[in-house]
Amino acid sequence: MSAPLPPTLKDVAALLPAFPASEVVVVGDFVADEYVYGETERISREAPVLIVRYESSELKAGGAGNAAQNLAALGVKVRALGVVGDDALGTALLDELEGGGIDVGALLRVKGRATEAKTRILAGGRSTRRQQMLRLDRAARDPLPAAVVRKLAAQVGRLGRGAGAVLASDYGSGVAGPEVIEALQRVHRAGVPVCVDSRYALVRFKGLTMVKPNEVELEAASGRSLSGPDGLGRAARALIRKVGCEVLLVTRGRHGMSVFRPGRPPVHLAAHGSLDAVDVTGAGDTVAAAFAAGLAAGGDAVAAARLANVAGALQVLKPGTATVSRAELDAELRRA
């Protein structure tokens with residue numbers, strides 16, 4: 001008997017009507033992305049630096065917040081689980097998330113802690129496009145209090161078991177520590193898909209449903225070079241053995257993405273649509289969010305990956321941190 005054909009894009013589009021009834025819990029590092037825009041005027045007399053005249057500013061949800069915003073844009077019910085500080089930026093970040101339709105009731109405000117933030121200053125001459133000149137990062141130096149960690153782990157178990165999927169969005173800021181990872185593993189054993197997008201520590205997330213490295217992260221996490229015959233496959237199989245995941249989703253830029261599963265042939269998906277990306281900022285969050293949404297809606301790994309492949313292709317055609325709406329995704333899936 002021949003192997004079943006992979007789902008077509010029109011087959012994948014059939015998952016979208018289930019999104020509003022699906023719930024995904026996003027646990028991870030919520031970041032305030034602050035953008036300050038201005039016009040360059042002259043060189044300062046105080047130092048050889050440009051003087052920028054302030055024009056405007058805006059705040060967006062970054063890190064796990066961007067993944068949550070992407071899920072909300074797809075029409076999925078989203079619960080955010082993590083920490084913010086008890087400062088003005090924390091309040092602004094909560095307002096931004098809540099304004100996007102995200103349930104922020106489980107986001108913990110930690111007294112005396114600064115909200116993690118990345119402030120980007122973008123400036124240019126009159127009638128020219130603003131370019132990023134400087135990024136100022138703010139992050140707490142101390143680890144989370146033990147009581148906060150215990151509460152986070154308890155909430156992962158409580159909220160995760162009632163969700164269609166859980167997405168761990170780890171940017172290395174300390175939310176996804178050992179206790180939270182153990183809670184994620186228990187949620188997975190209870191039958192809930194748990195997806196992981198970790199920038200620096202993929203190998204810590206063992207025994208879960210999906211992990212999503214790009215090619216550079218795959219090489220680093222597996223300890224295998226991607227060069228040579230079947231380099232990608234060898235590295236993917238090594239990482240699967242190391243973390244014990246059910247699905248390894250490798251994002252490959254202009255080469256699309258690849259789905260690896262133990263004991264099954266890999267599925268390679270060519271990049272969808274135009275290869276001329278405008279801006280890849282936040283593309284990984286969009287891919288992880290769309291994949292988790294596909295699983296929560298009842299799709300299998302390949303269907304979820306096809307969904308994520310198209311969502312990622314649409315997202316990189318937009319400047320800056322951007323999301324893809326369910327309507328946009330539906331129109332593209334039915335057009336293809």
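See the structure shown above.
In this report, we go over the structure that sits alongside the text. (Residues numbered from 1 in each chain as written. Predicted model: local features only at pLDDT ≥ 70, side-chain atom pairs only at ≥ 80, totals over all residues. Heavy atoms only, no water.)

**Remarks on the nonpolar core**
Inference 1: F291 and L329 are the most contacted members of the largest nonpolar core, which has 63 residues in total.
Inference 2: Sorting elements by how many residues they give to this core places helix α9 (residues 301–315) first, with ten residues.
Inference 3: Residue contacts for F291: discarding those within four places in its chain leaves C195, M210, V247, L249, A301, A304, A305 and A308.
Inference 4: Counting residues in each nonpolar core, the second largest holds 43 residues, with V148, L232, A235 and L248 among its members. (Core = buried A, V, L, I, M, F, W, Y, C linked by side-chain atoms within 4.5 Å. Buried < 20%, exposed > 50% of the residue type's maximum accessible area, 1.4 Å probe, protein only. Helix = DSSP H or I, 4+ residues; strand = E, 2+ residues; numbered from the N terminus. Contact = heavy atoms within 4.5 Å.)

**Some remarks on a positive patch on the surface**
Inference 1: Residues K206, R224, R234, R241 and K242 make up a contiguous surface patch of positive charge.
Inference 2: By the element assignment, K242 lies in helix α7 (residues 231–243).
Inference 3: We classify K242 as partly exposed; its relative accessible area is 37%. (Patch = residues over 30% accessible without salt bridge, like charges linked within 9 Å, V, L, I, M, F, W, Y side chains within 5 Å. Areas by Shrake-Rupley, 256 points an atom, 1.4 Å probe, with all protein chains shown as cover. Salt bridge = Lys/Arg side-chain N within 4 Å of Asp/Glu carboxyl O. Lys, Arg positive; Asp, Glu negative; His and termini not counted. Charge placed at Lys NZ, Arg CZ, Asp CG, Glu CD.)

**Concerning the pattern of salt bridges**
Inference 1: Tallied over the full model, the rule gives 16 salt bridges.
Inference 2: Across the pair R135 and D137 runs a salt bridge, and its minimum N-O distance is 2.7 Å.
Inference 3: We note a salt bridge from R335 to E332, for which the minimum N-O separation is 2.7 Å. You can see R335 and its partner E332 sitting in helix α10 (residues 326–335), three residues apart, about one turn around the helix.
Inference 4: With a relative accessible area of 11%, E332 lands in the buried category.
Inference 5: Linked by salt bridges that have partners in common, E39, E41, R42, R53 and R126 make up one network.

**Regarding the side chain of Q185**
Inference 1: Among the secondary structure elements, Q185 is positioned in helix α5 (residues 178–189).
Inference 2: Once residues lying within four places of it in the same chain are set aside, the contact partners of Q185 are K206 and L208.

**Things to note about the sheet that holds strand β4 (residues 77–85)**
Inference 1: Judged by pairing direction, the sheet is mixed, and its nine strands sit side by side in the order β5-β4-β1-β8-β9-β10-β11-β12-β13 without closing on themselves. Every other strand in the sheet has two partners, leaving β5 (103–110) and β13 (264–269) as the edge strands with one partner each.
Inference 2: Sheet analysis places β4 next to β5, joined by six bridges and oriented parallel. In the strand pairing of β5, G85 is matched with V110.
Inference 3: Lying on the sheet, helix α2 (residues 64–73) is in contact with β1 (23–28), β4 and β8 (165–170); it crosses β1 at an angle near 170°.
Inference 4: Here helix α3 (residues 88–99) sits on the sheet in contact with β4 and β5, set at roughly 170° to β5. (Pairing = 2+ DSSP bridges. Axes fitted to C-alpha atoms, helices over the stretch in contact; angles between N-to-C directions.)

**Let's talk about the sheet that holds strand β7 (residues 131–138)**
Inference 1: Taking strand neighbours across the sheet as the criterion, the four strands line up as β3-β2-β6-β7 in an open arrangement whose pairing is mixed. Of all strands in the sheet, those with a lone pairing partner are β3 (50–63) and β7, marking the two edges. On average, each strand axis in the sheet is tilted by 20° relative to the strand beside it, whichever way the strands run.
Inference 2: As defined by bridge partners, strand β6 (residues 117–124) adjoins β7 across seven bridges and the pair is classed as antiparallel. Among the inter-strand pairings, A123 is bridged to a residue of β7, identified as Q131.
Inference 3: Its contacts with the sheet place α3 against β2 (30–43), β3, β6 and β7, and it is angled at close to 60° to β3.

**Describing the pairing of β2**
Inference 1: Direction of pairing for β2 relative to β3: antiparallel, over a ladder of 13 bridges. When the bridges of β3 are listed, Y37 appears paired with S56.
Inference 2: Count of turn residues in the β2/β3 antiparallel hairpin: six residues.
Inference 3: In this sheet, β6 lies alongside β2 in parallel orientation, the contact comprising eight bridges. Note that in β6 the partner of Y37 across the bridge is L122.

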